2 protein chains.
Amino acid sequence: MNAYSPIGPVVGIVGAGQLARMSQPPAIALGIELRVLAGSSDESAARVIVDTRVGDYRSLDDLRAFAEGCHAITFDHEHVPGEHIRALIDDGHAVHPGADALVHAQDKAVMRERLTAIGAPCPAWARVSGPGEAAAFAAGHGWPVVLKAVTGGYDGRGVWVCDSEEAAAEAFAGAGGPLLAEALVPFERELAVLVARSPHGQGVSYPVVETVQRDGICVEVLAPAPGLDPEEAAEAQRVALRIADELGVTGMLAVEMFQTRQGLLVNELAMRPHNSGHWTIEGSRTSQFEQHLRAVLDLPLGTPAMTAPVVVMANLLGGDDPDLFKRYEHVMAHDPAVKVHFYGKQVRPGRKIGHVTAVGDDLDEVRARARHAAVYLMTGEYT
Amino acid sequence: MNAYSPIGPVVGIVGAGQLARMSQPPAIALGIELRVLAGSSDESAARVIVDTRVGDYRSLDDLRAFAEGCHAITFDHEHVPGEHIRALIDDGHAVHPGADALVHAQDKAVMRERLTAIGAPCPAWARVSGPGEAAAFAAGHGWPVVLKAVTGGYDGRGVWVCDSEEAAAEAFAGAGGPLLAEALVPFERELAVLVARSPHGQGVSYPVVETVQRDGICVEVLAPAPGLDPEEAAEAQRVALRIADELGVTGMLAVEMFQTRQGLLVNELAMRPHNSGHWTIEGSRTSQFEQHLRAVLDLPLGTPAMTAPVVVMANLLGGDDPDLFKRYEHVMAHDPAVKVHFYGKQVRPGRKIGHVTAVGDDLDEVRARARHAAVYLMTGEYT
């Protein structure tokens, strides 16, 4: 390893959202100097990282200038074009994850092809280029059919649940491009597995969690997934570690799954720290943000051991009130152990602006505490 | 409370050392914007806090410009003159701790007078203006006598253990001013109690810890203090909370104590996050840095509950090698649960440049892990 005297290595993060922001605490501890490529200087991470460069992640020139002097480069989001990543690697930069891995988080059709090829469990799926093909898919698998934008969707956007060819036609009109069709899975609940993999190939899996969604947005994460059969949990971890390995992921990989009566099915992949892992900041001895930094620098990975038997994370979604800080007083007085995270973002209705985490021994009690804090911070009302 | 939309309050920290640096992670979580007054832009905290102002903490003009727009002002060190603090408060600023409290951490003679007045247990002490008075003190309490600089000493500097009037004369020659004489206490070990107090008067005490010193520098902190009688622990916490209350401390107060056969004696006070509390970052549900921010903003205080039965912190002191990062690989591979903290400071022999923390169930095992990591990081050698 190179000498970094008098400071540690520089890790460049493309994008300056809350994931880059939450990477700064472990970077501060480890003496890693973060640099972010931000769209503007008031973005979430730009407020807390000194070495903020303003630029466009779609511009190879901007990326090249940004990468100069970084010991490793990684991402706050998955929107950097693969050809730019390849160009940076050709320039001699260490970029994690690389383009050949990241494409599976950028292109849902490529992801489905690859997962099917390696035998990872998926819902029935097909590429469809118009409503007629969607109807043909439905003829085999039944309506409703889930149509998804192949690229660019997130938090429920770019997803249409269609119960007829007419509905599919509307989805295609809205999407303006080819879509992925998937059978609507009658799942019992949604799970997520976070794993880390280093360039050396070391892999670590966090406990399987349950993610509770509302309107396509994650509102709550329960760690570990309550009542999950240990065999099924181990199977979920094996699937996630295998995907990380087969796809050559470096850094964090989040594998979102459906738990069904017929077993587990992979829903989505994300190759970066993920909302389903925010609980690890207080709930694990190594947070996903520290783990990601360790992985992209090819350092040995940290233990994913939990700090308490039960951890619940609840997202804070923006409402009408732009000032949530005034509600800290009640929340902190009510529960001196709840942990509040704000992302320094402008409050907009429905936007993820922070989260709260509670830890303890009893799921019902811990969940009630997290909910009380989240609801009060968002609305000023008691639950 | 004022509205801070779209962001949280601004807390100004005078000084940009590692204490300000370690305040940034909880500030990031809580959406509190930190500002630091640094002597230069490459100081420890200046590397990780965007709003760094370069200036002189001894200049009232610099302090006034710095304070403008801060919702609360606090300190990384105790060197800001009391009259400047009073001027800032007269300007309408919220400064925590205030001058009347902070003087007890700035002036050891004032501290001894006040502690004696409120009945807090102290070693025998006297103000002495020359070696003759030191000898007179020794006539009553015996040699050796501990002479201390009334102001400005730290980490063993400004302390002389004298066994004769000649040695005392040398101390006075070195000090160049009046000194405080204290009886050398035959203590069994050193303890520290960290408490927080908010302007509202809410108080919280962390568990009593044992601090292990070498050459006047803290090298290791064991939390909780092993084998301490619960009654004596409760007494130590009562003494510390009472001192915080009587002195009107706002923010963190560290009370360093001697444990002797005759009971506890107060050794030193510090009014800020303190080396004896670095273990709280991973070892408590509320770190001392988060607690200090909550206190100076007059928010309800967080729980001091521990995250594990045993926590050991070991300081990293600089050696000959300026690049410690290359040793991360071994330390992290050897122990995936140890936590490393680097302060981003130039390595100089004997300088505190970081610390490591280990948590677990068994003191011997946890202590061995912390030591192994610290010794390896400092020297590249196994223990």
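In the annotation of an unreviewed UniProt entry, the entry for chain A reads N5-carboxyaminoimidazole ribonucleotide synthase, and the organism field reads Nonomuraea harbinensis. Here is the UniProt Pathway (unreviewed entry) comment for chain A, exactly as written: "Purine metabolism; IMP biosynthesis via de novo pathway; 5-amino-1-(5-phospho-D-ribosyl)imidazole-4-carboxylate from 5-amino-1-(5-phospho-D-ribosyl)imidazole (N5-CAIR route): step 1/2." You can read under Catalytic activity (unreviewed entry) in the UniProt record for chain A the words "5-amino-1-(5-phospho-beta-D-ribosyl)imidazole + hydrogencarbonate + ATP = 5-carboxyamino-1-(5-phospho-D-ribosyl)imidazole + ADP + phosphate + 2 H(+)".

Student: What is the right way to read the UniProt feature "binding site: ATP" (unreviewed entry) in chain A from this model?
Tutor: All names here are of chain A. Per the UniProt record, the feature "binding site: ATP" (unreviewed entry) sits at K108, K148, E182, A183, L184, V185, E190, N267 and E268. With respect to the helices, strands and loops of the structure, L184 is situated in the loop between β8 (179-183) and β9 (189-197). Beyond its immediate chain neighbours, meaning those up to four positions away, L184 contacts P144, V146 and V161. For V185, the location among the structural elements is in the loop between β8 and β9.

Student: Would you explain the packing of aromatic side chains in this entry?
Tutor: Two aromatic rings, taken as a pair, are described by how far apart their centres are and by the angle between their planes. Scanning the entire structure with this criterion turns up 10 aromatic pairs over all chains. Between Y328 of chain A and F342 of chain A, the aromatic rings sit 5.6 Å apart at their centres with planes inclined by 90°, giving edge-to-face as the arrangement. Separated by 14 residues along the polypeptide, Y328 of chain A in helix α11 (residues 328-334) and F342 of chain A in strand β16 (residues 339-342) bring together distant segments of the chain. When the centroid spacing of 4.7 Å and the interplanar angle of 15° are considered together, the rings of F187 of chain B and F258 of chain B count as stacked. One end of the pair, F187 of chain B, is in the loop between β8 (179-183) and β9 (189-197); the other, F258 of chain B, is in strand β13 (residues 251-260), and 71 residues separate them in sequence. In this structure an aromatic cluster arises from ring pairing among F325, Y328 and F342 of chain A. R58 of chain A extends its terminal NZ or CZ atom over the ring of Y57 of chain A, reaching a point 5.4 Å from the ring centre.

Student: Honestly, the environment of A20 of chain B in this entry has me stumped. Any pointers?
Tutor: Residue and element names in this part refer to chain B. Positionally, A20 belongs in helix α1 (residues 18-30). Exposure remark for A20: the relative accessible area of 1% places this residue in the buried category. Along the backbone, A20 and L37 are 17 residues apart, and their C-alpha atoms lie at a distance of 9.9 Å. Beyond its immediate chain neighbours, meaning those up to four positions away, A20 contacts I13, G15, L34, V36, A45, I49 and D76.

Student: Whenever I open this one, the sheet that holds strand β6 (residues 145-149) of chain A confuses me. Can you help?
Tutor: What links the strands of a sheet is backbone hydrogen bonding, and the strands pair in either a parallel or an antiparallel sense. Residue and element names in this part refer to chain A. With respect to topology, 4 strands assemble into an open sheet ordered β5-β8-β6-β7, the strand pairing being antiparallel. The open sheet has two edge strands, β5 (125-128) and β7 (159-162), and neither has a second partner. Taking each pair of neighbouring strands and ignoring which way they run, the sheet shows an average axis angle of 25°. Looking at chain direction, β6 and β7 are connected through 4 bridges and run antiparallel.

Student: Explain the side chain of R189 of chain A here, please?
Tutor: All names here are of chain A. Among the secondary structure elements, R189 is positioned in strand β9. Residue R189 is classed as buried on the basis of its relative accessible area of 14%. Of the polar contacts made by the side chain of R189, one reaches the side chain of E210; its length is 2.8 Å.

Student: What is the right way to look at the interface of chain B and chain A in this model?
Tutor: Much of the literature gives interface size as the accessible area that the parts lose upon coming together. In this assembly, 53 residues from chain B lie in contact with 53 residues from chain A. At the surface where chain B touches chain A, the tally comes to 4 salt bridges. Taking the shortest distance from any N to any O, the salt bridge between K339 of chain A and E290 of chain B comes out at 3.0 Å. In this assembly, chain B and chain A are joined by 20 residue pairs in polar contact (both at pLDDT 80 or more). Tallied by class, the residues present in the side of chain B that touches chain A amount to 30 nonpolar, 11 polar and 12 charged.

The rules behind each value
Residues numbered from 1 in each chain as written. Chains lettered and ligands numbered in written order. Predicted model: local features only at pLDDT ≥ 70, side-chain atom pairs only at ≥ 80, totals over all residues. Heavy atoms only, no water. UniProt positions renumbered as here; feature names shortened; annotations may be inferred. Helix = DSSP H or I, 4+ residues; strand = E, 2+ residues; numbered from the N terminus. Contact = heavy atoms within 4.5 Å. Phe/Tyr/Trp six-rings, centres within 6.5 Å; stacked < 30°, edge-to-face > 60°. Lys NZ or Arg CZ within 6 Å of the ring centre and 35° of its normal. Buried < 20%, exposed > 50% of the residue type's maximum accessible area, 1.4 Å probe, protein only. Pairing = 2+ DSSP bridges. Axes fitted to C-alpha atoms, helices over the stretch in contact; angles between N-to-C directions. Polar contact = N/O pair within 3.5 Å; in protein donor to acceptor, adjacent residues only side chain to side chain. Salt bridge = Lys/Arg side-chain N within 4 Å of Asp/Glu carboxyl O. Nonpolar A, V, L, I, M, F, W, Y, C, P; charged D, E, K, R; others polar.

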